[in-house]
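Topology and contacts: notes
Chain by chain, the residues:
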Protein chains: 2
Amino acid sequence: MKLLDIGELARQSGVPPSTLRYYEDIGLIRSEGRHGLRRQYDAPVATQLALISLGKLAGFSLAEMRGMFGADGTPQLPRTELHLRADRLDAQIRDLTRLRDALRHVADCPAETHMDCPKFMRLMQFATRTAGSRRQR
Amino acid sequence: MKLLDIGELARQSGVPPSTLRYYEDIGLIRSEGRHGLRRQYDAPVATQLALISLGKLAGFSLAEMRGMFGADGTPQLPRTELHLRADRLDAQIRDLTRLRDALRHVADCPAETHMDCPKFMRLMQFATRTAGSRRQR
DNA sequence: TCTTGACCTCAAGTGAACTTGAAGTAGCAA
DNA sequence: TTGCTACTTCAAGTTCACTTGAGGTCAAGA
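Cut-offs applied
- Residues numbered from 1 in each chain as written.
- Chains lettered and ligands numbered in written order.
- Predicted model: local features only at pLDDT ≥ 70, side-chain atom pairs only at ≥ 80, totals over all residues.
- Heavy atoms only, no water.
- Near = heavy atom within 4 Å.
- Polar contact = N/O pair within 3.5 Å; in protein donor to acceptor, adjacent residues only side chain to side chain.
- Helix = DSSP H or I, 4+ residues; strand = E, 2+ residues; numbered from the N terminus.
- Contact = heavy atoms within 4.5 Å.
- Buried area = accessible area lost by both parts, 1.4 Å probe.
- Salt bridge = Lys/Arg side-chain N within 4 Å of Asp/Glu carboxyl O.
- Nonpolar A, V, L, I, M, F, W, Y, C, P; charged D, E, K, R; others polar.
- Least-squares fit on C-alpha atoms with pLDDT ≥ 70 in both.
- Buried < 20%, exposed > 50% of the residue type's maximum accessible area, 1.4 Å probe, protein only.

Chain A has the name MerR family transcriptional regulator in an unreviewed UniProt entry, where Roseovarius atlanticus is given as its organism.

What follows covers the protein's contact with DNA strand C. Around DNA strand C, the structure places 18 residues, and the nearest of them are Thr19(A), Tyr23(A), Gly7(B), Arg21(B) and Arg39(B). Ser18(A) is positioned with one of its side-chain polar atoms (N or O) 2.9 Å from a phosphate oxygen of DNA strand C. Here a phosphate oxygen of DNA strand C and a backbone polar atom of Gly7(B) are 3.2 Å apart. Considering every element that reaches the surface near DNA strand C, the biggest residue donor is helix 2 (residues 17-25) of chain A, with four residues.

Listed per partner, the contact involves 46 residues of chain A and 47 residues of chain B. Approximately 4600 Å² of surface area, both sides summed, lies buried where chain A meets chain B, with 69% of it carried by carbon and sulfur atoms. The largest share of the area that chain A buries against chain B comes from Leu57(A), Leu96(A) and Leu103(A), three residues that together contribute 14% of it. In this assembly, chain A and chain B are joined by six salt bridges. When the shortest N-O distance is used, the salt bridge between Asp90(B) and Arg100(A) registers 2.7 Å. The interface formed by chain A and chain B contains eleven residue pairs in polar contact (both at pLDDT 80 or more). Among the elements of the structure, helix 3 (44-57), helix 5 (79-108) and helix 6 (118-130) of chain A are those that each provide at least two residues to the side of chain A that touches chain B. Counting residues per element, the side of chain A that touches chain B draws most heavily on helix 5 of chain A, which supplies 20 residues. Counted by class, the side of chain A that touches chain B contains 21 nonpolar, 13 polar and twelve charged residues.

The next thing to look at is the protein's contact with DNA strand D. In the vicinity of DNA strand D there are 19 residues, among which Gly7(A), Arg21(A), Arg39(A), Thr19(B) and Tyr23(B) approach most closely. Of what DNA strand D places within 4 Å of the protein, 80% of the atoms are sugar or phosphate. A distance of 3.1 Å separates a phosphate oxygen of DNA strand D from a polar atom in the backbone of Gly7(A). Of all the secondary-structure elements, those providing two or more residues to the surface near DNA strand D are helix 1 (6-13) and strand 3 (38-42) of chain A together with helix 2 (17-25) of chain B. In terms of residue count, the dominant contributor to the surface near DNA strand D is helix 2 of chain B (four residues). In terms of residue class, the surface near DNA strand D is made up of seven nonpolar, six polar and six charged.

Turning to the relation of the copies chain A and chain B, a few remarks are in order. After a rotation of 180° and a shift along the axis of 0.0 Å, chain A superposes on chain B with an RMSD of 0.1 Å. What the superposition gives is, in effect, a two-fold axis relating one chain to the other. The position closest to the rotation axis in chain A is occupied by the C-alpha of Ile93(A), lying 3.0 Å away. Residue by residue, 100% of the interface of chain A is reproduced at the interface of chain B, so both copies engage with the same surface.

Looking now at the environment of Leu62(A). All names here are of chain A. As for its position among the elements, Leu62 is in helix 4 (residues 62-65). According to the relative accessible area criterion, Leu62 is buried, its value standing at 19%. Spatially, the C-alpha atoms of Leu62 and Ile52 are 7.9 Å apart, while their sequence positions differ by ten residues. Apart from the residues lying within four places of it in its own chain, the contact partners of Leu62 are Tyr22, Tyr23, Ile26, Leu28, Ile52 and Lys56.

Encoded structure:
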């Protein structure tokens, strides 16, 4: 199996070497060996880094993602857990969609005050419902 | 205009008083006066807090959100800026949707290794493209 | 009037996710 | 063999978003 030098992986993935070392320290990724002093990585680590970057976007902490990946860099979790996380993503996607709609509405609605616009208020209702009950990062 | 005591706003919004004070310190929200020592808030602050909570979910920093709101608690930004942020949200929504699809796929796909499954690899391509070029929080 | 409780200020502490700096080292090209 | 460069370790520093703690204050109810 072809191994990647840490510098090469950093260039390919856009993740700085210091961060790769940090991720390894906390057990999020693994290096396969050294060339001299330099860490060498398996190719699937690149896939894993891509998933980690998305996971961060989705609000997973690094601790949450530790242990989520198998040897091939793909998620290795029980089915139910995967579906549960997918469901949480669905909720987040819904929220973001409404925030987007609200922003676009505010941009385009000619009403002088949005608080009097029924469409805006409808978009805002869910926000008031969800605010605070949301998991924080 | 009816004013809310900080405790009441905290109960309604789910945002602790310490956080409300902190938000005021950094200029993210405004209180309208005091009842004795206690901060009093305008009702629209509740809407604003809901939007802040969603904004955090969307990856905006508190500093970015400072100054985004007008007196009525609704976003007060130039049209182009609002559309730009909506566009960024669209991109984020697309990414999260694909992450969700990838998770569901991994949960349900019977292939012994996902690296050999064309559907998974297709889902992963975008991730490799986007990783690293993404704004960090 | 006195007590209670929820607020007040200000400074310091916390946890997550990294980054930076100092001092050292290994491989490769000249 | 000598440099150069990109890595190495380890500890400490940084930023963000809060929270906590100590010591103080005010309004309302008993």
